[in-house]
Amino acid sequence: MTWRIAIEPFTRPLFFFWSRLTRAKTLGVRVLVQDDQGRVLLVRHTYLEGWWLPGGGVDAGEAAPDAAARELKEEAGLIARAVPELISVHSNERFFPGDHVLIFRIGAYDQGERSSRQEIAETGFFALDALPADLNRGTRDRLAEIFDGAPVSPNW
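Residues numbered from 1 in each chain as written. Predicted model: local features only at pLDDT ≥ 70, side-chain atom pairs only at ≥ 80, totals over all residues. Heavy atoms only, no water.

(A) Region of the structure containing helix H2 (residues 64-76). In this model H2 runs 18 Å from its N-terminal to its C-terminal C-alpha over 13 residues, within 8% of the 18 Å that 1.5 Å per residue would give. Burial in H2 covers these residues: Ala64, Ala67, Ala68, Arg70, Glu71, Leu72, Glu75 and Ala76. One or two residues past the end of H2 sits Gly77, with phi positive at roughly 75 degrees. (Helix = DSSP H or I, 4+ residues; strand = E, 2+ residues; numbered from the N terminus. Expected span 1.5 Å × (residues − 1). Buried < 20%, exposed > 50% of the residue type's maximum accessible area, 1.4 Å probe, protein only.)

(B) Spatial organisation of the pattern of salt bridges. Scanning the model with the defined rule gives 10 salt bridges in all. The residue Glu62 makes a salt bridge to Arg70 at a minimum N-O spacing of 2.8 Å. Among the ionic pairs, Arg70 bridges to Glu71, the shortest N-O distance being 3.1 Å. Each of Asp59, Glu62, Arg70, Glu71 and Glu74 takes part in a single network of salt bridges with overlapping partners. (Salt bridge = Lys/Arg side-chain N within 4 Å of Asp/Glu carboxyl O.)

(C) Looking closely at the side chain of Ser91. One can find Ser91 in strand E6 (residues 85-91). A relative accessible area of 15% places Ser91 in the buried class. If near-sequence neighbours (up to four positions away) are discounted, Ser91 is found in contact with Asp99, His100, Pro154, Asn155 and Trp156. (Contact = heavy atoms within 4.5 Å.)

(D) Looking closely at the sheet that holds strand E4 (residues 55-57). Strands sit in the order E4-E1-E7-E6 across an open sheet of four strands; the sheet is mixed. For this open sheet the edge positions go to E4 and E6, each flanked by a neighbour on one side alone. Taken pair by pair, the neighbouring strands of this sheet meet at an average axis angle of 20 degrees, ignoring direction. Sheet topology places E6 next to strand E7 (residues 99-106); six bridges connect them, and they run antiparallel. (Pairing = 2+ DSSP bridges. Axes fitted to C-alpha atoms, helices over the stretch in contact; angles between N-to-C directions.)

(E) Broad picture of the packing of aromatic side chains. Tallied over the full model, the rule gives one aromatic pair. Here Trp51 and Phe126 contribute two aromatic rings whose centre-to-centre distance is 4.9 Å and whose plane-to-plane angle is 70 degrees, an arrangement assigned as edge-to-face. Of this pair, Trp51 sits in strand E3 (residues 51-52) while Phe126 sits in strand E9 (residues 120-126), and the two are 75 residues apart along the sequence. Overall, Trp51 belongs to the buried group, its relative accessible area being 7%. A relative accessible area of 18% means that Phe126 is categorised as buried. Positioned over the ring face of Trp156 is Arg142, at 5.0 Å from the centre of the ring. (Phe/Tyr/Trp six-rings, centres within 6.5 Å; stacked < 30°, edge-to-face > 60°. Lys NZ or Arg CZ within 6 Å of the ring centre and 35° of its normal.)

By themselves, these figures tell us nothing about what the structure is for.
And the structure:
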């Protein structure tokens with residue numbers, strides 16, 4: 001056993017503390033859901049302009065797929081029937097240094113009760129050829145990547 005292996009249990013907390021200070025990251029999720037007509041679910045927040053894919057931040061101790069399912073339930077009242085599928089990962093440095101957004105797809109869902117009434121002004125399913133004019137740019141780019149074959153950008 002080398003000396004590094006022997007001291008690792010004692011140095012690990014310091015390493016994690018230093019890593020958090022020097023590599024701070026935030027993680028968010030957005031969720032792609034389509035209805036039986038192929039329309040895409042979008043939400044309009046009370047505090048942001050335009051329409052977005054539903055989503056939000058990943059809480060401490062929470063797995064990203066669980067966050068996607070939770071945000072979908074909170075914002076739209078939809079309950080995922082299966083584990084969300086990861087579609088893509090994007091850096092969101094333009095708005096917050098160290099921020100990343102994961103896009104998940106939920107294929108099957110049940111209707112439930114929305115629990116985030118103060119955050120969401122409106123929800124709706126939109127045909128891909130009839131998206132709102134004020135669709136968020138990042139959301140528009142993600143939909144083009146997923147449905148139109150546009151190159152996937154590493155940036156939000």
